[in-house]
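Structural characterization, general
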Amino acid sequence: MSQDVLRIIDGICRDKNIDRDTFVADLESAMAGAIRKTYDAEEDAEVKLDLLNGNFTATMHGKPVDINLLGRIGAQIVKQVIKQKTHERERASIFQEFTERRGTIITGTIVRADGGNLLVNIGRTDGFLPRSEQIPGETHQVGERIRTLILEAREQPNQVKIILSRSNPELILRLFELEVPEVAERIIEIKALAREAGYRTKVAVSSIDSKVDAVGACVGVRGSRIRSVVDELGGEKIDIVRWNESSQILIQNSLKPAEVQETALCFELGKATVMVIEDQLSLAIGKRGQNVRLAARLTGWDIDILTPEEYNKHLENLERTVLTVEGVTSVIVDKLIAMGCVSVSDVDEIGPDPLVNELELDPELAARIVQATGEEATRLEEERAQQAQAKLEEAAAAKKAEAEAKEAQESTDSVAAHADSGFVDEASPEMATDSDATEATAAATEPTAEESGDDVDSDPPEASASEDDTESTSETTASGEVEAPPVAEASDEPATEPTEPTEPGEADGPSAEAPAPAPEAD
């Protein structure tokens, strides 16, 4: 039993990475506290563990105490104290371990995904991979094994939080150390590194051994070494740049595959003006300015890319503006260009002090030069702003005209489709109007009776009245029988032909509607 205690102690210390003497001291303190609690004594009890045979010796008031008499309560006290102390020791050990391993690569297994954040099992604890430290566009599944960089270890009240990263530029450096032995052995040195995670990375390398080609060693045979790094990063592009102590050559190398014609460096502004031909401009800038942006971060220079036409235009404007200042000669203009000032805005930004200190100009003359270039730079900026505004307005007008033309075309296509199908939409007012117009035209083109010349006899008024009476008398009686229409009595007088109406004074007799005059009384 005693040897089992020692074996258990050794296992706990090994698993939790805890010092054995510290754990034994905590165990002895916990058992002494349990003895005081059991015997309700305020004096300190002493407990010693023999590391040779694993036996415990307990004393209180100088008298030996049997630890087997502690009972269940005493055992629970020892358990709680040991558990708490062990947890604290383990937290301190984890924090120290991962603090020392900061900046190294570790392989783990994803155990949980929560809102884009990943929890990765990295051995003794779980690491936290936040969404901001992941490669954009990369997806992971639970149970997948990934390589991450230990970014930071944070000690919190209840746990130690290990922050992992896959977007940090240092991850590229560690991957090259794993894949390229020359980098791990420091034969090849990575001088600078610029990265946009998930898209492109530029790495500047140099070799301390003239027999070892730095770029070729990093690429490997048929690209085998660099391909392993690219696959680990999910297809991210990596450019290997040859390092050079000359800033001009380094800038040219960093802008490849574009070919640079000329580079002007302005050390006062930390600005490099690069001239490339027209067909190389898109390569130098890159997609959304990515190539020049990474080159600027790799070299530490603010890179401005111009075409030969733009470059010469800036120089001519600078020369014309500076020569308008009294006391300025072409020699001073050449010195300004040699300083890296290729535009009036460059002279305005550096101020008069470099002109006085380096070109040894008179302070008053330097101030006038800066003032003249500043006014010209302001004027050019206003012109550019006006041109940009005019382009925006022109683009808005073109977009509006295109939308109107598209709407008109859609309306025309819709009408043509209805006409081809022979279907008229009742809900369409235009189609209804066309139908009404067609019917009206057809009615107007039919010949009338008078135009055709046919004589049509109109029925006499009596016949019309008779027909009305006939229709009105053909009604159902109250008993449900239908009364027959009355038969008109035959008249002996012949039917008179209808005559044409005459004027009031021309009639032979009184009108049929006028009543007969009454006879005079005798």
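Refer to the structure above for everything that follows.
The sections below set out a description of the structure shown in this document. For clarity, every value in this text was computed on a predicted model and none was experimentally measured. (Residues numbered from 1 in each chain as written. Predicted model: local features only at pLDDT ≥ 70, side-chain atom pairs only at ≥ 80, totals over all residues. Heavy atoms only, no water.)

A look at a negative patch on the surface
The following threshold applies: The residues that make up patches have over 30% relative accessible area and no salt bridge, and they are joined within 9 Å when like-charged or within 5 Å when they are Val, Leu, Ile, Met, Phe, Trp or Tyr. Per-residue and other accessible areas were derived by the Shrake-Rupley procedure at a 1.4 Å probe size, with only the shown protein chains allowed to occlude residues. The salt bridge definition used is simple: a Lys or Arg side-chain nitrogen within 4 Å of an Asp or Glu carboxyl oxygen. Counting rule for charge: Lys and Arg are taken as positive, Asp and Glu as negative, and neither His nor the chain ends is counted. By convention, the point assigned to a charge is CZ for Arg, NZ for Lys, CD for Glu and CG for Asp. Comment: elements are numbered from the N terminus, with helices defined as DSSP H or I runs of at least four residues and strands as E runs of at least two.
On the surface, Glu-278, Asp-279, Glu-309 and Glu-310 cluster together to form a negatively charged patch. Within the secondary structure, Asp-279 sits in the loop between strand S13 (271-275) and helix H9 (281-285).

Topic: the sheet that holds strand S14 (residues 302-306)
Within a beta sheet, neighbouring strands are joined by backbone hydrogen bonds and run either parallel or antiparallel to one another. Rule in force here: Paired strands, in this sense, are two strands between which DSSP finds at least two bridges. In this analysis an axis means a line fitted to C-alpha atoms, helices contributing only their contacting stretch, and an angle means the value between N-to-C directions, from 0 to 180 degrees. Working rule for contacts: check all heavy atoms of both residues, and any pair within 4.5 Å makes them a contact.
The mixed open sheet is built from 3 strands, whose spatial order is S12-S13-S14. What marks the edges here is a single partner per strand, and that holds for strand S12 (262-266) and S14. Within the sheet, the average angular offset between the axes of one strand and its neighbour, ignoring direction, is 20 degrees. Pairing of S12 with S13, which is carried by 5 bridges, proceeds in the antiparallel orientation. The residue of S13 that forms the bridge with Thr-263 is Val-274. Packed on one face of the sheet, helix H11 (residues 308-323) meets S12, S13 and S14 and runs near 105 degrees to S14.

Focus: the sheet that holds strand S9 (residues 188-196)
With mixed pairing, 3 strands are arranged side by side in an open sheet as S9-S10-S11. On the outer flanks of this sheet lie S9 and strand S11 (237-242), each paired with one strand and no other. Across the sheet, the mean angle from the axis of one strand to that of its neighbour is 20 degrees, orientation sign disregarded. Pairing between strand S10 (residues 200-207) and S11: 6 bridges, direction parallel. Counted as the bridge partner of Ala-204 is Val-241 from S11. Here helix H4 (residues 170-179) sits on the sheet in contact with S9, S10 and S11, set at roughly 140 degrees to S9.

A look at unusual backbone geometry
Rules: Residue exposure (1.4 Å probe, protein chains only): buried if accessible area is under 20% of the type maximum, exposed if over 50%, otherwise partly exposed.
In this model, Lys-256 is joined to Pro-257 through a cis peptide bond whose omega is 20 degrees. Phi at Arg-222 takes a positive value of approximately 55 degrees, unusual for a residue other than glycine. In this fold, Arg-222 is placed in the loop between helix H6 (214-219) and helix H7 (224-232). You can call Arg-222 exposed: its relative accessible area is 78%. Notably, Arg-288 is not glycine yet its phi reads approximately 55 degrees, a positive angle. By secondary structure assignment, the location of Arg-288 is in the loop between H9 and helix H10 (290-299).

Here we look at the packing of aromatic side chains
In this description, a pair of aromatic rings is defined by centroid distance and the angle of the planes. This is how it is decided: By convention, a stacked pair of Phe, Tyr or Trp rings (six-membered ring in the case of Trp) has centres within 6.5 Å and planes under 30 degrees apart, an edge-to-face pair has planes over 60 apart, and any other such pair is tilted. Only Lys NZ and Arg CZ are tested; either one counts as a charge over a ring when it is within 6 Å of the ring centre and within 35 degrees of the ring normal.
Considering all chains together, one arrives at 1 aromatic pair under this definition. One Lys or Arg, Lys-161, reaches over the ring of Phe-128 and ends 4.4 Å from the middle of that ring.

Details of the packing of helix H8 (residues 247-254) against H10
The line we're drawing: Less than a right angle of anticlockwise turn of the near helix away from the far helix marks a crossing as left-handed, whereas a clockwise turn marks it as right-handed. Nonpolar residues are Ala, Val, Leu, Ile, Met, Phe, Trp, Tyr, Cys and Pro. Charged residues are Asp, Glu, Lys and Arg, and all others, Gly as well, are polar.
Remark: H8 packs on H10, axes separated minimally by 9 Å, with the N-to-C direction vectors making an angle of 145 degrees. The chirality of how H8 crosses H10 is right-handed. In this structure, H8 contributes Leu-250, Ile-251 and Ser-254 to the contact, and H10 contributes Asn-291, Ala-295, Leu-298 and Thr-299. Its residues placed into classes, the contact of H8 with H10 shows 4 nonpolar, 3 polar and no charged.

Side note on helix H12 (residues 330-338)
In plain terms, the rule: It is the directions from the helix axis to the C-beta atoms that the arc portrays.
By the burial criterion, the buried members of H12 are Ile-332, Val-333 and Leu-336. The arc that holds every buried residue of H12, seen down its axis, measures 100 degrees, which confines them to one face. Within two residues after H12, Gly-340 carries a phi angle of roughly 100 degrees, on the positive side.

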